Amino acid sequence: MSNESIHPEHKFTFGLWTVGSVGRDPFGQPVREPKSPAELVYLLAEVGAYGVNFHDNDLIPIDATPAEAAAIKREFRKALEATGLKVPMATTNLFSDPIFKDGAFTSNDPKVRAYALQKTMRAIDLGVEFGAQVYVFWGGREGVESDATKDPVTAIRRTREAINFLCEYVLDKKYDLKFALEAKPNEPRGDIYNATTGHMLAFIETLDHPEMAGVNPEVAHEHMAGLNFLHGVAQAWEAGKLFHIDLNDQYPGRYDQDFRFGSRDLKAAFFLVKFLEEVGYPGPRHFDAHAYRTEDYEGVKDFALGCMRTYLILKEKAARWNADPEIQALLAEINADDGSLTPYFGKYTPQKAAALKDHAFDRQAIAQRGLLYERLDQLTVEVLLGVR
Ligand code: GLT
Ligand code: MN
Ligand code: MN
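Here the structure is a predicted model, which is why all the values come from computation and not from measurement. The residue count restarts for each chain, going from 1 along the sequence in the order it is written. To read the labels, note that chains go from A and ligands from 1, taken in the order they are written. It should be noted that, the model being predicted, local features are given only for residues of pLDDT at least 70 and side-chain atom pairs only at 80 or more, the latter also being counted only at that level, while totals for whole chains, interfaces and linings use all residues. Heavy atoms from the whole structure form the basis of all side-chain values; hydrogens and water molecules are not counted.

Asker: Mind laying out the packing of aromatic side chains, listing which residues take part and the relevant values?
Answerer: Aromatic rings from Phe, Tyr and Trp, taking only the six-membered ring of Trp, are treated as a pair when their centres fall within 6.5 Å; an angle between ring planes under 30 degrees marks them as stacked, one over 60 as edge-to-face, and anything in between as tilted. Applying the stated criterion to the full structure yields 19 aromatic pairs. Measuring from centroid to centroid gives 6.4 Å for Y135 and F179, while their planes differ by 55 degrees, and the two rings are tilted. Taken together, the residues span a long stretch of sequence, with Y135 in strand β4 (residues 134-138) and F179 in strand β6 (residues 178-182) at a distance of 44 residues. In this pair, the class of Y135 matches that of F179, namely buried. What links up through ring pairs into an aromatic cluster is the set F12, F14, F261, F287, F303 and Y311. For a lysine, the NZ atom is tested; for an arginine, the CZ atom; a charge sits over a ring if that atom is within 6 Å of the ring centre and within 35 degrees of the ring normal. In this structure, K35 is placed above the aromatic ring of Y297, and the distance from its NZ or CZ to the ring centre is 4.4 Å. Secondary structure counts use DSSP, requiring at least four H or I residues in a row for a helix and at least two E residues in a row for a strand, with both numbered from the N terminus. The cut-offs for exposure are 20% and 50% of the maximum accessible area for each residue type, with area from a 1.4 Å probe on protein chains only; residues under the lower value are buried, those over the upper are exposed, and the others partly exposed.

Shown next, in the form of C-alpha cells:
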C-alpha cells in the first residue's frame, strides 16, 4: 500500500497536540521545536489527513491577548482553507494550568469549578467557530491521589452538574454539537473518576440530556487497565453512544504511552478496525498518539503515516478474513443451528418456560464437542502475518 492511497474520505484526524507534541516527558525536556497550529495543518495535509482537532490552548495560548488570538485564528483559518482540512472535534484543556491541580469540575474549590465552566463555554464557542460538531471531555485531573481529599459521590454529582450546565449552554446557543466523554483510569491523577468507557456509559444515562452525550473511548486508556478495548467500543456502539474514537496503542500496566496505532497489539487493532468498518461507524478515525521522543518532524510524519497505513492495511486484512473460505466454513460450523430450539428463545411466556423446564438435554454430548477456536484463531494470525 502506498501513501497515495490515504485520502480525506478515510476521515483520519489528528489533534494539534499529537503531531505537535514536542516530546516533553516527566524526565526530559522537549526534543522538537514547537510548530504553529497553521504549520501543523500543512503537515497534516501533506500526509493526507482529513481533519485536525484542538484544545482551546493548543490553538490560543491561555494568556494570549485578544489581538494575538485574532492573528492566530486568521493564520489557522487560512491554512484550513488552503488545505481543505476540517475541524470535526474540539475540546478544553482543563488539566495543564496549575489552577487545575485538583481537577476542574470536581475541584473542591468553587472558584476553580466556576472558572472551568467559564473556560469550557469559551472553548465551545471557539470549537463551533471552526465547525466542530463533537466536543470531547477528558477529565484528566478529575481524580485524587488520596480518597481522604474528596468524596467520590460528591465528585460524580459535581461532574453531572457541570455537564448538565454545559448541555443547556449548547441548547441555549443553538449549537449543532454533541458531547463525547473520554475515560481514563489514572495518570495524571493517582485515580481518575469514571475510569472506563463502561463507567461513562452508565454516568451518561443520569444526565438531564443523555441524548446529547456519548463516549470517546481511547485504545490506550482501556489497555492501561488491562481491558478489552473492542468490548467497550462495541457496548458504546450498540447503545448508540460511539460519538468519537481515539486510536493509539499501549502496553497494559505501564505509563501513558500513546503509541502509534497498531504498534503494540496488532490482533486487537485488527478486530477493532474490522468492527468499525463492518458496523459502518461514520465518525472520524482520530489518532490520539505521539511520535516517539527519538524523532524529528520527518519522524513525526512517519508516525502519522504509520497510524493511517496500519488502519487501512488492517481494513484490507478484514476483507481478506471475511473472504477466506476456510474461515467462513469454520464460522458456519461454529454457529450451526438446526432451529430445533428456536421456540425456547425470545420473549418470555409461561408456556415457553414450562416446555423448556421439561426439555431433556444430553449434557455430556453437548459438552464433548470441540469448538474449533484454536484453528480459527490461528487462521486469523496467518491472515495478519500475510501468509493467507
Ligand atoms: C490528552 C489526553 C488524551 C485526550 C486529549 C483530549 S488530551 O492528550 O491524553 O487522551 O483525548 O483532552
Ligand atoms: Mn484521548
Ligand atoms: Mn492517552
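Asker: Requested: an account of the sheet that holds β6, with residues and values cited.
Answerer: Strands were regarded as paired on the criterion that DSSP finds at least two bridges between them. In space, the eight strands of this open sheet follow the order β8-β6-β4-β3-β2-β1-β10-β9, with parallel pairing throughout. Of all strands in the sheet, those bounded by a partner on one side alone are β8 (213-215) and β9 (246-247). Pairing analysis gives two bridges linking β9 to strand β10 (residues 285-287), with the strands arranged parallel. Bridge pairing links L247 to F287 in β10.

Asker: Please provide a residue-by-residue account of the nonpolar core, values included.
Answerer: Side-chain atoms within 4.5 Å link the members of a nonpolar core, which is a set of buried Ala, Val, Leu, Ile, Met, Phe, Trp, Tyr and Cys residues. One finds F14, F76, F179 and F261 to be the most contacted residues of the largest nonpolar core, which totals 93 residues. The element contributing the most residues to this core is helix α11 (residues 297-323), with 12 residues. Once residues lying within four places of it in the same chain are set aside, the contact partners of F14 are V19, L44, A49, G51, V52, N53, H286, F287, F303, A304, C307 and M308. Counting residues in each nonpolar core, the second largest holds six residues, with W17, M89, V134 and F243 among its members. The contact criterion used is simple: two residues touch if any of their non-hydrogen atoms lie within 4.5 Å.

Asker: How would you summarise the coordination of the manganese ion (ligand 3) if you had to cite specific residues and measurements?
Answerer: Put simply, a metal with four donors set out as a tetrahedron has ideal angles of 109.5 degrees, and one with six donors set out as an octahedron has ideal angles of 90 or 180 degrees. Each metal site lists N, O and S donors within 2.8 Å (3.2 Å for Na, K and Ca). With water left out of the atoms, a site can look as if it is missing ligands. Each protein donor to the manganese ion (ligand 3) is listed here as E218 (OE), H221 (NE2) and D258 (OD); together their distances run 2.1 to 2.5 Å. In the primary structure, the donors to the manganese ion (ligand 3) are separated according to the pattern E-x2-H-x36-D. The distance between the manganese ion (ligand 3) and the manganese ion (ligand 2) comes to 4.5 Å, and E218 binds to both of them. Of the two residues, H221 sits in helix α8 (residues 219-224) while D258 sits in the loop between β9 and α10 (266-279), which places them 37 residues apart along the sequence. On the accessibility criterion, H221 (4% relative accessible area) is buried.

Asker: I'd like to hear about the environment of Y281, residue by residue, with values.
Answerer: Structurally, the position occupied by Y281 is in the loop between α10 and β10. A relative accessible area of 3% means that Y281 is categorised as buried. Spatially, the C-alpha atom of Y281 lies 9.2 Å from that of H244, the residues being 37 residues apart in sequence. In this structure, Y281 is in contact with W237, L242, F243, H244, I245 and L276, ignoring residues within four places of it in sequence.

Asker: Lay out the site of ligand 1 with the relevant residues and their values.
Answerer: Lining the immediate surroundings of ligand 1 are W17, H55, T91, F95, W138, E182, E218, H221, D246 and D288. We call two N or O atoms a polar contact when they sit within 3.5 Å, provided that within protein one can donate a hydrogen and the other can accept it, with sequence-adjacent residues counted only if both atoms are side-chain atoms. Note that an oxygen atom of ligand 1 is positioned 3.2 Å from one of the side-chain N or O atoms of W17. Residue E182 places a side-chain N or O atom 2.6 Å away from an oxygen atom belonging to ligand 1. Under this grouping Gly is polar, as are all residues other than the nonpolar Ala, Val, Leu, Ile, Met, Phe, Trp, Tyr, Cys and Pro and the charged Asp, Glu, Lys and Arg. Taken together, the residues that form the shell around ligand 1 break down as three nonpolar, three polar and four charged. Here a residue counts as near a molecule or strand whenever at least one of its heavy atoms sits within 4 Å of it.

Asker: Please provide a residue-by-residue account of the coordination of the manganese ion (ligand 2), values included.
Answerer: At this site the manganese ion (ligand 2) is bound by E182 (OE), E218 (OE), D246 (OD) and D288 (OD), with donor distances of 2.0 to 2.2 Å. Geometry is assigned from the angles between donors: four donors with all angles from 85 to 135 degrees make a tetrahedral site, four or six donors whose opposite pairs exceed 155 degrees while the rest stay between 65 and 115 make square planar or octahedral sites respectively, and everything else is labelled irregular. Around the manganese ion (ligand 2) sit six donor atoms, and with donor-metal-donor angles ranging over 75 to 167 degrees the site reads as octahedral. Of note, the donors binding the manganese ion (ligand 2) are all from one chain and are spaced E-x35-E-x27-D-x41-D. Under the relative-accessibility criterion, D288 is labelled buried at 7%.

Asker: Describe the side chain of T120, listing the residues and the values that go with them.
Answerer: Within the secondary structure layout, T120 lies in helix α5 (residues 110-129). When sequence neighbours within four positions are dropped, the list of residues in contact with T120 reads T92, L94, F105, Y135, F137 and L166.

Spatial relationships are all this shows, so hold off on functional conclusions.
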